[in-house]
Amino acid sequence: MNDSEFKQQVLDANSASFCAAKWYNATIWLGSGQTTSCHHPPAHLVDKHKVSANPKLLHNTDQKKADRAMMQRGDRPAGCEYCWKIEDMDRAAISDRVYKSRIYPIELLTQAQQTPVDVDVDLRTLEIAFDRTCQFACSYCNPAFSTTWVNDIKKNGPYLKLQSDGRNHFTHEHPSAQLYKFGEINPYIEAFFAWWESDLHRTLQELRITGGEPLMSAHTWKLIDWFRDNPGRSNTRLAINSNLGTDVDIDRLLDSVNGLNVDLYTSNESMHSHAEYIRDGLVWKDWIANITRLLDSGQIRSIHVMCTINALCLDSLPQFLDQMLQWKAKYGKDKLNFTLNILRFPSFQSALVLPNKLKSKYMYDLKNWLWHNRNNPALHEHEINHLQRLVDYLDVVKTPHSDAFDQPKLLNDFKEFYSQYDARRNKDFGRAFPNLKEWYDSL
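Caption draft 1: Broad picture of the pairing of strand β5 (residues 206-210). The element β5 is extensively covered by neighbouring structure, given that five of its five residues are classed as buried. The side-chain alternation of β5 yields two buried faces, one formed by Glu-206, Arg-208 and Thr-210 and the other by Leu-207 and Ile-209. Where strand β4 (residues 125-129) meets β5, five bridges bridge the pair, whose relative direction is parallel. By the bridge assignment for β5, Thr-125 is matched with Glu-206. Here β5 pairs with strand β6 (residues 237-241) via four bridges, running parallel. Residue pairing for β6: Leu-207 is matched across the bridge by Leu-238. This β-α-β element, β5 to helix α10 (residues 218-229) to β6, shows right-handed connectivity.

Caption draft 2: The arrangement of the sheet that holds β6 in detail. Spatially, β3-β2-β1-β4-β5-β6-β7-β8-β9 is the arrangement adopted by the nine strands of the open sheet, whose pairing is mixed. Only two strands of the sheet have a single neighbouring strand rather than two, namely β3 (44-45) and β9 (336-342). When strand β2 (residues 34-36) meets β3, the two strands line up antiparallel, connected through two bridges. Its bridge partner lying in β3, Thr-35 is registered against His-44. On the sheet, helix α9 (residues 187-203) packs against β3, β4 and β5 and is oriented at approximately 155° with respect to β4. Most of the contacts of helix α16 (residues 381-396) go to β9, to which it runs at about 25°, and overall it touches β8 (300-309) and β9.

Caption draft 3: Quick look at the packing of helix α13 (residues 284-297) against helix α14 (residues 317-331). α14 packs onto α13 with a crossing angle of 25° between their chain directions and a minimal axis gap of 11 Å. With respect to α14, the axis of α13 lies roughly parallel. As α13 runs across α14, the sense of the crossing is right-handed. Of the residues in α14, those touching α13 at Trp-284, Trp-287, Ile-288, Ile-291, Thr-292, Leu-295 and Asp-296 are Phe-320, Gln-323, Trp-327, Lys-330 and Tyr-331. Looking at side-chain class alone, the contact of α13 with α14 contains eight nonpolar, two polar and two charged residues.

Caption draft 4: Seen up close, the side chain of Asp-3. Turning to its location among the elements, Asp-3 is positioned in helix α1 (residues 3-14). When residues no more than four places from it in sequence are discounted, the contact partners of Asp-3 are Ile-94, Val-98, Tyr-99, Arg-102, Glu-381, His-382 and Asn-385.

Caption draft 5: Geometry of the packing of aromatic side chains. Throughout the structure, instances matching the rule amount to 35 aromatic pairs. Ring geometry for Trp-287 versus Trp-327: centroids 6.0 Å apart, planes at 65°, classification edge-to-face. Highlighted residues: Trp-287 in helix α13 and Trp-327 in helix α14, separated in sequence by 40 residues. For the pair Trp-287 and Trp-327, a shared accessibility class is recorded, and that class is buried. Positioned over the ring face of Tyr-265 is Arg-208, at 3.6 Å from the centre of the ring. For Arg-425, the ring lying beneath its charged end belongs to Trp-149, and the centroid distance is 4.5 Å.

Criteria and thresholds
- Residues numbered from 1 in each chain as written.
- Predicted model: local features only at pLDDT ≥ 70, side-chain atom pairs only at ≥ 80, totals over all residues.
- Heavy atoms only, no water.
- Buried < 20%, exposed > 50% of the residue type's maximum accessible area, 1.4 Å probe, protein only.
- Helix = DSSP H or I, 4+ residues; strand = E, 2+ residues; numbered from the N terminus.
- Pairing = 2+ DSSP bridges.
- Right-handed = clockwise from strand over helix to strand, strands pointing away.
- Contact = heavy atoms within 4.5 Å.
- Axes fitted to C-alpha atoms, helices over the stretch in contact; angles between N-to-C directions.
- Parallel < 35°, antiparallel > 145°, perpendicular 65-115°, else oblique.
- Left-handed = near helix turned anticlockwise from the far one by under 90°.
- Nonpolar A, V, L, I, M, F, W, Y, C, P; charged D, E, K, R; others polar.
- Phe/Tyr/Trp six-rings, centres within 6.5 Å; stacked < 30°, edge-to-face > 60°.
- Lys NZ or Arg CZ within 6 Å of the ring centre and 35° of its normal.

Structure (structure tokens):
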């Protein structure tokens, strides 16, 4: 059954808006006490008093239960707009609710549709972040997820003259993202480890640790040690996010995960100086070397490259995809795969701010790449589908999301942000992106 058939025959048979992630998947930021069902809906706060008595409420919040009720009725929760926008393109595009549902047995999907909404559901896949410690300060990130971003705001003050919906990302240090100082007792982390010992280590298919940069958190190493010290106690698949920066301790990682069959997720979406500009802190040659070393080691089950599709990456995205194919050809189709995740926030960094001439050029570049590689046996179905929906997105969709429609504000913020980003980070937009320079200078 392909992805389209799965949507029609399984998902839509439950309801036209059903997504299993609302029941079985969560991202939980333990530093801020916030949760969401995947990376698309806005996060919301978990009640710190309730989770002490019932750790399952880290996931089973009132907001999620209300969304589940809507999905059971076939209504569309507003927070899931990303998928509705993809599906409404009228090109049989596959939204993420398909990918986030078909990883579970069909019986679980039927069970979710029939479960009363007040029941606390056991998670099957979980992404957690212990804190926001990170040595990178990527342009599309912000202080809520990076201590290096916090230091930028502390040192240089807020980014000024921003007008669009994304402005608040860059105007303050986001103290609510790290509610407890290092060394203080964090009730959310306490609740997580209590839940892990009581239920999660038995019910989870996959536990994925994110950040910040999770390999800079002591809690990450504590969890890795638990897996190493408790062989056979859990069938949970362990996955770790890492930016694979120059100072990530690859030796310690390989030593700690030896024999654990771990997956590793990393992020990038462009080549050389483009990548170093977008993902401030990244050194291209070191990122390439670290991935190659992990693949050569044979100690990582697979590497997943998450591409955040933004206005700046499209210039070299086809070449970046060529790099993915080179690794696939050498190490195997399943040893490395990629996803193309379309950025919507901050909306002024969306690919949709680009002028139509550039947007059309990049669309045809990707269309041409897909035409030449669609039948490459190294590509997974989801990789082909992600490319096709990006082509369609660039062609059809006009605004990043329903609240982002004022193009003059978006263009103002694009120029204001990157002008200040250059000054703060010792960068040069025109030098990094010569194909965008004429348009950028005209803003």
